[in-house]
Amino acid sequence: MKLSKSSLRRKLSQVGSSFDDLVDQGKSLTSHHWERLRHQRLKVGVAGLSGAGKSTFITSLIAQLRGFDEATLTSLSASVEGRLRAVELLALSKHREVLTAFAVDQFLHELDADEPNFPPSTQQPSAIDIRINYVSRKGKRKALTLELTDFPGEWLVDTALLKMSYSEWNSWQTKIWSQTEQNEITAMLGRLQLGVDTGTEGGSDAEARHSEASSLCFPSDELLSVFAQYRNFLQSKRSESGGTLYTPGQVTVPNDSVDVFPVPIFNVDDSDRSKALLTLMESRYNEYVKTSVKPFYENHIKGLDRQVLLVDVQSVLHHGKKRKEEVSEALALIMGQVMFTEAHSLMNWLSPHVDKIMIYATKADLVLPEDHEEMRRVVQQVAQDTIRYTQTQGASVHVEAVAAMRVTRYSREETGEFLTARTAEGEFVRFQNPTLIGADSLNYDSFKQYALPQLQPRVKHGVPEHLRMDVAIEQILGDWLR
Ligand SMILES: Nc1nc2c(ncn2[C@@H]2O[C@H](COP(=O)(O)OP(=O)(O)O)[C@@H](O)[C@H]2O)c(=O)[nH]1
Ligand SMILES: [Mg+2]
């Protein structure tokens with residue numbers, strides 16, 4: 001459907017916007033954008049693996065915007081041009097009520113303490129809506145509603161399952177788990193023995209009876225205990241490693257609310273038991289995808305306008321080459337499978353799509369300023385496949401190294417350059433990051449010795465100090481505040 005300029009003007013005046021506004025936004029004219037423009041509503045996903053700094057990033061973004069008078073936001077045009085007005089926290093819109101509300105008030109309160117703290121670690125996806133009141137460049141009072149959603153990385157990796165069959169997922173699991181871990185999983189399943197169906201009713205029994213040998217089934221109490229064991233296994237693996245590609249992702253976070261999920265099977269033979277087990281897991285897999293992954297994808301990911309992807313480069317370097325590969329694969333999965341499952345083509349230009357992706361290396365304040373450029377190079381290298389894919393989809397990609405909440409000060413002394421900070425207990429510490437060297441030969445070994453205590457964010461009048469959060473905010477929503 002093509003619109004002439006005059007019909008376009010007419011439509012715009014009906015929705016209370018002007019042609020110039022639209023041109024200002026620099027958008028393609030999709031119905032998705034019509035909707036968004038009309039309601040001035042921008043949906044942004046903030047994704048990353050556990051510990052990447054998502055909650056900190058969102059809290060800082062809100063704190064900077066709310067405290068724009070005190071904040072240093074020299075790269076945010078709307079702030080420099082004096083066009084920002086009050087920023088309000090809104091109640092979550094109806095379709096987002098199922099998500100945990102992002103506890104921003106509590107997080108901001110933590111920052112106001114004598115010894116300021118980072119937001120506590122969070123597990124469930126959470127959401128917050130804010131309204132940014134501003135004056136347009138033409139002098140009109142306006143308001144932009146920003147919907148931010150914080151996802152555990154594994155929930156995003158999960159969406160890859162939407163395109164996989166159980167057997168494809170199963171083959172993928174052989175790459176995720178080491179031989180020792182596969183043996184451990186196989187031993188868990190080894191406890192399940194086919195028994196004669198006693199005719200008891202109930203969910204797991206009913207499923208077990210899907211087996212070919214229909215009079216045979218796995219005892220339901222055994223099934224319950226095996227699934228509970230696998231859930232513990234997943235959660236402890238994730239907390240040991242910080243998590244990456246573990247799926248079923250929704251089961252990897254403590255206190256999950258998933259009832260039905262699959263376990264991978266690594267040794268399939270021709271026996272009745274093996275066939276029954278495969279049938280059981282396949283049906284559990286399909287059920288998990290249908291009832292847990294799909295609704296989450298449909299309700300919270302599909303409509304995103306923009307995606308921020310946070311990568312903790314320190315942790316990548318700290319955990320060595322294997323970690324780097326895992327993180328790269330996770331990022332590619334997240335971006336490739338999630339953002340563009342709706343084919344983006346001219347024929348299909350009415351479908352919602354992400355037009356901009358921001359990939360940020362977080363915690364840039366923990367390395368010396370001269371290494372920031374290297375940090376950008378490392379994150380660019382980690383996200384190489386993702387960037388390539390994104391570009392083929394017509395979205396723009398931005399890479400930056402940021403610190404949402406800065407803990408360090410930089411000092412140059414006779415003996416060298418240092419970073420100084422306060423520990424959570426208020427003690428003064430001084431350190432030097434191991435120099436990041438050429439991205440082709442990452443200096444993993446020097447990073448392995450690198451472990452800092454918990455440090456305190458530096459806060460002034462409730463607004464955290466930062467590195468390049470203003471650049472990030474400009475990239476995320478600056479064009480919507482014109
Ligand atoms: N120095 C520094 N540390 C940060 C920054 N952002 C996050 N962190 C650290 O990383 C931890 C995890 O951050 P969090 O936002 O909870 O990660 P999430 O799991 O992705 O939500 C925090 O507790 C901080 O210790 C930052 O900008 N600078
Ligand atoms: Mg979090």
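The model shown is predicted, which means the values in this text are computed figures rather than measured ones.

Colleague: Looking at this structure, I do not really get the overall build of the chain. What am I missing?
Modeller: Summing up its helical and strand segments, the chain has 18 helices and 15 strands in all. Taken across its 482 residues, the chain has 39% of its residues classed as buried. Excluding contacts between residues fewer than 6 apart, the proportion of contacts in the chain whose partners are at least 24 apart in sequence is 75%.

Colleague: What is the right way to look at the site of ligand 1 in this model?
Modeller: Surrounding ligand 1, one finds 22 residues, the nearest of these being Gly53, Lys54, Ser55, Thr56 and Ala403. Class assignment for the residues of the shell around ligand 1 results in nine nonpolar, ten polar and three charged.

Colleague: Can you walk me through the sheet that holds strand β11 (residues 409–413) in this structure?
Modeller: Paired through backbone hydrogen bonds, the strands of a sheet run either parallel or antiparallel to each other. Spatially, three strands are ordered β11-β12-β13 in an open sheet, and the strand pairing comes out antiparallel. The open sheet has two edge strands with one neighbour each: β11 and β13 (428–431). Shown here is a sheet whose adjacent strand axes are inclined to one another by a mean of 30°, direction ignored. Sheet analysis places β11 next to strand β12 (residues 416–422), joined by five bridges and oriented antiparallel. Looking across to β12, one finds that Arg409 is bridged to Thr420.

Colleague: Where do I start with unusual backbone geometry in this structure?
Modeller: Leave glycine aside and you will find that most residues have negative phi; peptide bonds, for their part, are mostly trans. In the segment running from Thr247 into Pro248, the intervening peptide bond is cis, with an omega of 0°. Along the chain, the position of Pro248 falls in the loop between α11 (220–241) and α12 (272–301). In this model, His461 sits at a positive phi of 50°, which is unusual for a non-glycine residue. One can find His461 in the loop between β14 (459–460) and β15 (463–464). We classify His461 as exposed; it has 10 C-beta atoms within 10 Å.

Colleague: Please clarify how the packing of helix α4 (residues 54–66) against helix α6 (residues 104–112) should be interpreted in this entry.
Modeller: Look at α4 against α6: their axes get within 10 Å of each other, and the N-to-C directions meet at 80°. When the axes of α4 and α6 are compared, the pair comes out roughly perpendicular. For the pair formed by α4 and α6, the contact residues are Thr59, Ile62 and Ala63 on the first element and Val104, Phe107, Leu108 and Leu111 on the second. Looking at the contact of α4 with α6 residue by residue, the class counts come to six nonpolar, one polar and no charged.

Colleague: I would appreciate a short explanation of the nonpolar core in the present structure.
Modeller: If you look at soluble globular proteins, the nonpolar side chains tend to sit buried side by side. Membership of the largest hydrophobic core comes to 102 residues, with the highest contact counts inside it found for Val311, Ala361, Val379 and Val402. Per-element accounting of this core gives the leading share, eleven residues, to α12. Inspection of this core shows a minimum of three residues originating in each of domain 1 (26–153 + 296–481) and domain 2 (158–291).

Colleague: I'm lost on helix α15 (residues 372–382) in this one. Help?
Modeller: Side chains that are three or four residues apart share a direction in an α-helix, a result of its 3.6 residues per turn. Those residues of α15 that sit buried are His372, Glu374, Met375, Val378, Val379 and Val382. Summarising the axial view, the buried residues of α15 lie within an arc of 155°, below the 170-degree limit, and thus occupy one face.

Colleague: It is not clear to me how the environment of Asp256 should be interpreted in this structure. Could you clarify?
Modeller: Locating Asp256 in the fold gives a position in the loop between α11 and α12. Residue class for Asp256 comes out partly exposed when judged on the 18 C-beta atoms lying within 10 Å of it. Residues Asp256 and Gln124, spaced 132 residues apart in sequence, show a C-alpha to C-alpha distance of 8.1 Å. In contact with Asp256, other than residues within four places in its own chain, are Gln250 and Val251.

Colleague: Looking at this structure, how should I read helix α8 (residues 166–176)?
Modeller: For α8, the full list of buried residues reads Tyr166, Trp169, Asn170 and Gln173. An end-on view of α8 places all buried positions within 100° of arc, on one side of the element. With respect to the buried face of α8, the exposed residues turned more than 90 degrees away are Glu168, Ser171, Thr174 and Lys175. Buried-residue contacts for α8 involve α12.

Colleague: So what exactly am I meant to see when it comes to the confidence of the model for the chain here?
Modeller: Across the chain, pLDDT averages 81, with 76% of residues at or above 70. Across residues 22–29, confidence stays below pLDDT 50; counting only partners more than four residues off in sequence or on other chains, it has 13 contacts. Low pLDDT (under 50) marks residues 437–441, which in the prediction has four contacts with non-local residues, meaning those over four places away or in another chain.

About the criteria used
- Residues numbered from 1 in each chain as written.
- Chains lettered and ligands numbered in written order.
- Predicted model: local features only at pLDDT ≥ 70, side-chain atom pairs only at ≥ 80, totals over all residues.
- Helix = DSSP H or I, 4+ residues; strand = E, 2+ residues; numbered from the N terminus.
- Buried ≥ 20, exposed ≤ 12 C-beta atoms within 10 Å, placed from the backbone.
- Contact = placed C-beta atoms within 7 Å.
- Near = placed C-beta within 6 Å.
- Nonpolar A, V, L, I, M, F, W, Y, C, P; charged D, E, K, R; others polar.
- Pairing = 2+ DSSP bridges.
- Axes fitted to C-alpha atoms, helices over the stretch in contact; angles between N-to-C directions.
- Parallel < 35°, antiparallel > 145°, perpendicular 65-115°, else oblique.
- Core = buried A, V, L, I, M, F, W, Y, C linked by C-beta atoms within 7 Å.
- Domains from an automatic or database assignment.
- Arc of directions from axis to C-beta.
- pLDDT = per-residue confidence, 0-100.

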